[in-house]
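Residues per chain, in single letters:
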Amino acid sequence: MSETVKRDRPWLMRTYSGHSSAKASNELYRMNLSKGQTGLSVAFDLPTQTGYDSDHPLARGEVGKVGVPIDHIGDMEALFDQIPLDQMNTSMTINATAPWLLALYVAVAERQGVDPKQLQGTTQNDVLKEYLSRGTYIYPPGPSVRLTTDLISYTVENIPKWNPTNICSYHLQEAGATPTQELAYALSTAITILDAVRDSGQVTPQRFPAVVGRISFFVNAGIRFVEETCKLRAFNEMWDKLVQERYGVSDEKQRRFRYGVQVNSLGLTESQPENNVQRIVLEMLAVTLSKNARARAIQLPAWNEALGLPRPWDQQWALRMQQVLALETDLLEYGDLFDGSPVIAAKVQELIAGAEAEMTSVQEQGGMVQAIESGYVKRELVKSHTRRIRDIESGDLKIVGVNCYTQTAESPLTAGTDSGIMKVDVQAERDQIAALQAFRANRDQAQVDVSLAALRAAALGGDNIMPCSIACARAGVTTGEWSEVLREVFGEYRAPTGIDIAMAGQVGSAAMDEVRARVRRTSEELGRPLRLLIGKPGLDGHSNGAEQIAVKGRDAGFEIVYEGIRLTPAHIARAAQEEGVHLIGLSVLSGSHLELVEDIRAELATIGASELPLIIGGIIPEDDARQLLTHGVQAVFTPKDVDMNAIMNKLVDIIRRSNGLEALA
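Draft legend 1. Layout of the nonpolar core. Met-76, Phe-217, Trp-239, Leu-486 and Phe-558 are the most contacted members of the largest nonpolar core, which has 168 residues in total. A total of 11 residues in this core trace back to one element, the largest contributor, which is helix H4 (residues 98–111). Shared between two domains, this core holds at least three residues of each, these being domain 1 (12–406) and domain 2 (510–658). Look past the residues within four positions of Phe-558 in its chain and what remains in contact with it is Val-519, Leu-530, Leu-532, Gly-553, Met-648, Leu-651, Val-652 and Ile-655. Membership of the second largest hydrophobic core comes to 24 residues, among which are Leu-533, Ile-584, Val-588 and Leu-612.

Draft legend 2. Layout of helix H17 (residues 465–475). Within H17, 8 of the 11 residues are buried, which leaves the element mostly enclosed by the surrounding structure. Buried residues belonging to H17 abut helix H3 (73–79), H4, helix H5 (141–158), helix H16 (445–461) and helix H18 (479–490). Looking at where H17 begins, the residue whose side-chain oxygen comes 2.8 Å from the main-chain nitrogen of Met-466 is Asn-464. Within two residues after H17, Gly-476 carries a phi angle of roughly 95 degrees, on the positive side.

Draft legend 3. Looking closely at the packing of helix H19 (residues 510–526) against helix H20 (residues 544–556). Running from amino to carboxyl end, H19 crosses H20 at an angle of 70 degrees, the nearest separation of the two axes being 8 Å. In this view, H19 runs roughly perpendicular relative to H20, as classed from their interaxial angle. Where H19 approaches H20, its residues Met-512, Val-515, Arg-516 and Val-519 are matched on the opposing element by Lys-552, Asp-555 and Ala-556. Its residues placed into classes, the contact of H19 with H20 shows 4 nonpolar, no polar and 3 charged.

Draft legend 4. Representation of the pattern of salt bridges in the model. Tallying each qualifying case throughout the model produces 47 salt bridges. Note that Arg-233 and Asp-339 form a salt bridge whose closest N and O atoms lie 2.9 Å from each other. On the criterion of sequence distance, the pair formed by Arg-233 in helix H9 (residues 225–245) and Asp-339 in the loop between helix H11 (312–327) and helix H12 (342–365) is long-range, its members being 106 residues apart. A salt bridge links Asp-240 to Arg-255; the nearest nitrogen and oxygen atoms lie 2.7 Å apart. One end of the pair, Asp-240, is in helix H9; the other, Arg-255, is in the loop between H9 and strand E9 (259–262), and 15 residues separate them in sequence. Overall, Arg-255 belongs to the buried group, its relative accessible area being 10%. One connected set of salt bridges, linked through shared partners, spans Asp-195, Arg-198, Asp-199 and Arg-246.

What counts and how
Residues numbered from 1 in each chain as written. Predicted model: local features only at pLDDT ≥ 70, side-chain atom pairs only at ≥ 80, totals over all residues. Heavy atoms only, no water. Core = buried A, V, L, I, M, F, W, Y, C linked by side-chain atoms within 4.5 Å. Buried < 20%, exposed > 50% of the residue type's maximum accessible area, 1.4 Å probe, protein only. Helix = DSSP H or I, 4+ residues; strand = E, 2+ residues; numbered from the N terminus. Domains from an automatic or database assignment. Contact = heavy atoms within 4.5 Å. Polar contact = N/O pair within 3.5 Å; in protein donor to acceptor, adjacent residues only side chain to side chain. Axes fitted to C-alpha atoms, helices over the stretch in contact; angles between N-to-C directions. Parallel < 35°, antiparallel > 145°, perpendicular 65-115°, else oblique. Nonpolar A, V, L, I, M, F, W, Y, C, P; charged D, E, K, R; others polar. Salt bridge = Lys/Arg side-chain N within 4 Å of Asp/Glu carboxyl O.

Worth remembering: the numbers are spatial, not functional.
This is the structure we're talking about:
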């Protein structure tokens with residue numbers, strides 16, 4: 001390379017990580033930083049995300065599984081031990097409890113002697129998409145928007161380098177969104193949040209452009225990388241026009257579309273997982289090739305995320321992918337490669353037209369909050385995902401190693417004693433609970449009570465929630481205590497499931513016709529329609545699989561009982577008995593399957609319903625699957641089981657066997 005060539009600066013490089021405990025996660029962070037990672041991306045466990053302490057009954061089996069447990073300021077301090085926060089750019093994937101985790105971060109920075117005005121990073125803080133995808137919401141949409149508004153308003157004045165929200169379309173795509181829907185729903189969410197900040201009166205009109213300038217996005221990039229590149233260029237164009245026309249922002253720098261990205265995890269496969277490496281690299285190109293639409297920060301999933309929790313080496317591999325592209329190739333030496341392309345320009349305009357039409361539909365609902373509450377957006381996402389599943393079933397959408405070219409040699413990547421993934425030691429949860437209880441016993445309870453009373457008063461009175469939350473953090477309040485006060489003030493919420501979609505049944509499929517015939521015959525032999533309960537126990541809110549089984553089951557002729565996410569084992573057992581179901585199907589993706597199945601089986605035994613057959617689907621390692629089958633679970637399904645007709649036939653077989661009917665051919 002000639003010395004005269006000027007290269008652009010690389011993007012911020014992150015890996016999304018956290019597990020077991022703050023201490024273990026801190027060691028992982030410092031290791032990753034030593035390998036060239038330039039920013040942190042913190043994964044929190046589900047109890048932390050949904051506002052429960054580690055010793056809450058609903059947290060059983062979930063502590064430290066999909067992220068780091070943070071119960072109080074001591075945990076947050078341990079998480080960032082020896083990491084100077086005035087020099088670090090930290091992204092925190094946190095939504096419903098975002099004000100609380102930022103409060104803890106500020107309090108830890110103060111203990112390090114760091115002025116909060118120096119802090120740089122991002123709180124995801126896009127709770128609206130949680131009602132549509134990940135499911136880690138707590139409060140109704142209205143109060144949730146208020147908390148988001150408070151955090152944004154506070155940071156603009158007090159933590160001016162902080163990105164107070166990532167409008168997060170990433171999880172919309174994971175929930176089935178097309179590129180058009182991803183554009184429309186993300187920008188509609190941004191309008192809702194910016195309007196709320198403007199209308200709250202907490203920021204003066206003169207300072208409002210600074211709010212717009214701190215809004216960032218977190219997007220997804222799938223395998224169709226040309227279309228995804230066009231989507232990002234469309235985002236740029238639509239955002240610039242939106243903030244200029246709707247909010248009167250004249251400063252070009254404050255209108256810039258700033259986004260980070262994790263490339264698509266939905267398309268990663270358990271079958272032939274080595275293919276995920278090339279998928280990840282190709283998806284990274286979508287957010288780097290176009291200079292004028294290049295990501296500001298990138299984190300890549302590991303090749304084995306469809307199998308379980310990545311190991312440090314797997315995360316290193318994902319980081320090296322970024323480093324090779326940024327440092328070894330000539331990508332950063334050129335201007336935008338796509339400017340002037342009529343093909344790209346036409347596709348961008350097609351996406352913009354489709355997104356604007358869908359944004360109009362959202363506005364006709366009354367805006368994004370109303371479109372969530374009515375179930376409109378959720379239904380549209382479930383429809384899109386159902387079409388994708390049908391295309392995979394029919395072969396119209398080809399997935400290498402899944403529905404084509406399935407013959408393979410055994411992968412050496414998964415042949416080791418750990419099966420290619422990391423498992424969280426069950427002792428980590430016990431240790432976290434013991435440490436939490438010791439922390440509670442040694443704090444100043446009077447100071448805790450005073451700070452919680454101030455939090456309650458702010459929530460009731462409409463004051464900004466951040467100052468009293470920071471005071472709570474300093475006083476030693478726990479995550480569960482902070483969230484419980486707001487639960488008492490705002491109440492809790494259960495979002496629409498979206499499975500009540502109006503779609504024509506699948507036609508032209510001999511396999512589906514056979515499933516319907518088997519369901520119909522078994523129903524006739526049992527004297528009533530087959531009824532299936534789909535349960536989402538625990539705190540895992542990723543409901544795509546459960547929703548698609550519900551839609552498919554209904555199309556096959558089952559009656560479906562599905563009440564959404566975060567059900568207790570007692571609720572599932574009681575509903576199964578009261579609804580007279582023939583089979584219980586559980587969906588668990590958080591790694592807590594062993595504990596939850598044990599608890600549900602105990603509840604079924606308590607009410608005299610032990611005979612009900614139980615199946616489970618999720619990200620379940622082979623060793624755990626064998627253990628579940630040994631303990632009476634009738635079938636275990638994982639991401640490699642993509643043939644939905646085969647799954648439906650298996651359910652019929654299990655129901656027939658459990659009811660003493662002869663097997664069908």
